[in-house]
Every structure is written in structure tokens, then in C-alpha cells.
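Report on the structure
So the chains spell out like this:
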Amino acid sequence: MWEAFINLLTQILSGIYGFCGDWGLAIIILTLIVRLLIMPLMTRSTKSSAKMQVLQPQMQALQERYADDPETLQREMSKFYAENKFNPLGGCLPILLQMPIFIALFSVIRNIEFISGGAASFYNIVPDLAVGPAQVIAQSGIPAAAIYIFLDVLFGLLTLIPLMLNTQAGTDPQQQRTSRIMGVFMAVWMVWIGWNLPSGVLLYYNTSALWQVAQQQLITKRVINEAKAQAEAQMANRPIEVEVVRKDRKKRPHKKS
């Protein structure tokens, strides 16, 4: 099944190449097609994330109330999700859908070089999409690897920028600091990973991440504000639940006859 998916992706990319005449541009076009297809899911994911920010205080209150009773906590959280029509895993689906393409590109690029009978390039700006910074430096030195190093650094920056943009909307300074520190570590880690990735894979990821940043600035903020307003209105209209704790009555002393 995995081989069939790789062959299908190779055929799609070859078809795009036949239209545009450049393998690097074909990867960019493939990326844009994928992003367009998952755009409705991304919008739903964004709404889910915004709703989670609104519901977070109530979720934390439940966690504190039932901290010593995991079974009851799980039951109450499930009830809370159902009442608020919230899926905590909703934000993961777009990422999971893109992962198979990201992984398959390793094999697809090798297939492309076999089909084209030579190095697949991106308008000679990136001479060989099948190699990464480490391999080019080992073979030709740092000057020849400049464009590959640039793609790798961009790989890290485009991992960091969306995280930074997301934390700007946060209200908890401590949470913002933690998120930004984790973002920096994540970006450095991605640069380290990208050091050995084929530049065609880096090109796919960077194009996808640039789309995400643009979408976040043009669309996501509006979607987040609408989703937050809707969730806040829903919470405001819910009846207030008061937890009543009954006290045991003390027995009255009997009069002695």
C-alpha cells in the first residue's frame, strides 16, 4: 500500500512537471494543491484551538477538582467535551494528513531522478533536489552549499514563526515565555534534522509553512476571533452549576426525665 502511494505521488508530481517544466516548481505546485485541499480542515482546526483557549479555565477547574479521582475526571472531561461540542484532537488532523506526503517525498525524489535521467533541479537555483546541506558540503564545500544551507535555516525559522505568532494571542505571560523557549528549541532541532534532508523535502515544507504564515495573518485571526466570540457566548448562556455540600446535622441532646 505504501509503495502504491509513493507511485501515485510520483505520477502526480510527474504530471505537474509535464505542465510546468521544472521539478522544483512542480513540488511547490503540489504543496499548494495539498494546502488547498486541507484548508477546510485547517479552518476547523483553528476554530478548535480558539475554543480550547476559551474552555481552558473550566478544564483546569475540573482537573483540580478531581485531581485525586482519575476515573471521575475522565468521565467529567468526556461529558464536558460533549456538552461543548469540542474535540481535543481536532487540531492534529491536518498535520497527520500531511505527514505521509512529507515522508513519501524521500522516495519520490529518488524516483524523479530515475525518471528524468539526471539531477532534478529547481531552475538551477537548487541544482539537485535529492541532496541536502551536509552532502553538498562534504562533496563541494560550503560555498556550493549556500542555497542548501539557506533552505535548512528557513526550515527552522518557519517552524518558529507560527509558534511565535500563536503565543502573541495568549494572556498568560508565563505560558508565553514557555511556548517561545520551546519554539526556539524546536527550531534548532528542525535545522539539525534538515541538515541531512533532501532539499526537495525542505522545499515542500518551506512552501507549506509560508502558506501557513500567510493564512494565519490573512484568515486565521478572523476565524479565531469569531470562534472565541461564539464559544464565550455559549459559555455565558449556560446555566450556572452550584455544587451544594450538605452538612451533617448534629443530634440534639435528649433531656433527662
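This one's a predicted model, so the numbers in the text were calculated from it and none came from an experiment.

Conventions and cut-offs
Counting restarts for each chain: residues are numbered from 1 in the order of the written sequence. At least 70 in pLDDT is required for a residue's local features to be given in this predicted model, at least 80 for side-chain atom pairs to be given and counted, and no such filter applies to totals for whole chains, interfaces and linings, which use all residues. In computing side-chain properties, one takes all heavy atoms of the structure into account and sets aside hydrogens as well as water. Joining through side-chain atoms within 4.5 Å is the link that ties buried Ala, Val, Leu, Ile, Met, Phe, Trp, Tyr and Cys residues into a set, and such a set is a nonpolar core. Throughout this description, buried means an accessible area under 20% of the type-specific maximum (1.4 Å probe, protein chains only), exposed means over 50%, and partly exposed covers the range between. Strands here mean DSSP runs of E at least two residues long; helices mean DSSP runs of H or I at least four residues long; both are numbered from the N terminus. Pairs of N or O atoms are called polar contacts if they sit within 3.5 Å, as long as, within protein, a hydrogen donor faces a hydrogen acceptor (for residues adjacent in sequence, only side-chain-to-side-chain pairs). A contact between two residues is defined here by any heavy atoms of the two lying within 4.5 Å. Each residue carries a pLDDT score, the predictor's confidence in it, ranging from 0 to 100. The patches reported here contain residues having more than 30% relative accessible area and no salt bridge. Joining distances are 9 Å for like charges and 5 Å for nonpolar side chains (Val, Leu, Ile, Met, Phe, Trp, Tyr). Each accessible area is a Shrake-Rupley estimate made with a 1.4 Å probe; only the visible protein chains count as cover when residues are assessed. Throughout this description, the term salt bridge denotes a Lys or Arg side-chain nitrogen within 4 Å of a carboxyl oxygen of Asp or Glu.

So, on to the nonpolar core. Grouped together as the largest cluster of nonpolar side chains are 33 residues, with contacts concentrated most on L13, V108, L129 and Y204. Sorting the residues of this core by element identifies α1 (2-20), α2 (23-37), α5 (93-116), α7 (146-167) and α9 (199-237) as the ones contributing at least two each. Ranked by the residues each element gives to this core, the list is headed by α5, at seven residues. If you look at the next biggest cluster of nonpolar residues, it comprises seven residues, including M59, Y66, L73 and M77.

Turning our attention to unusual backbone geometry. Despite not being glycine, Y123 shows a phi value in the positive range, around 50°. When you line up the elements, Y123 lands in the loop between α5 and α6 (133-140). A positive phi angle is found at N124, which is not glycine, with a value near 65°. Positionally, N124 belongs in the loop between α5 and α6. Residue classification places N124 among the exposed positions, given a relative accessible area of 64%.

Structurally, the position occupied by T159 is in helix α7. T159 sits in the buried class, given a relative accessible area of 9%. In this structure the side chain of T159 is engaged in a polar contact, spanning 2.9 Å, whose partner is the backbone oxygen of F155. Within the local environment of T159, its side chain forms a polar contact with the side chain of Y205, the two groups lying 3.0 Å apart. Each residue touching T159, except ones within four places of it in the same chain, is listed here: M186, M190 and Y205.

Predicted confidence across the chain gives a mean pLDDT of 78, with 72% of residues reaching 70 or more. With pLDDT under 50 throughout, residues 240-248 is counted as low confidence; its partners more than four residues away or in other chains account for one contact.

Secondary-structure assignment places S208 in helix α9. A relative accessible area of 6% places S208 in the buried class. Beyond its immediate chain neighbours, meaning those up to four positions away, S208 contacts T31, R35 and Q98.

With that settled, consider a nonpolar patch on the surface. Taken together, L163, M186, W189 and W192 make up a surface patch of nonpolar side chains, about 460 Å² in accessible area. When residues in the nonpolar patch are grouped by element, the largest group, three residues, is from helix α8 (residues 173-194). If you trace the backbone, L163 turns up in helix α7. Taking relative accessible area as the criterion, L163 reaches 35% and is therefore assigned partly exposed.

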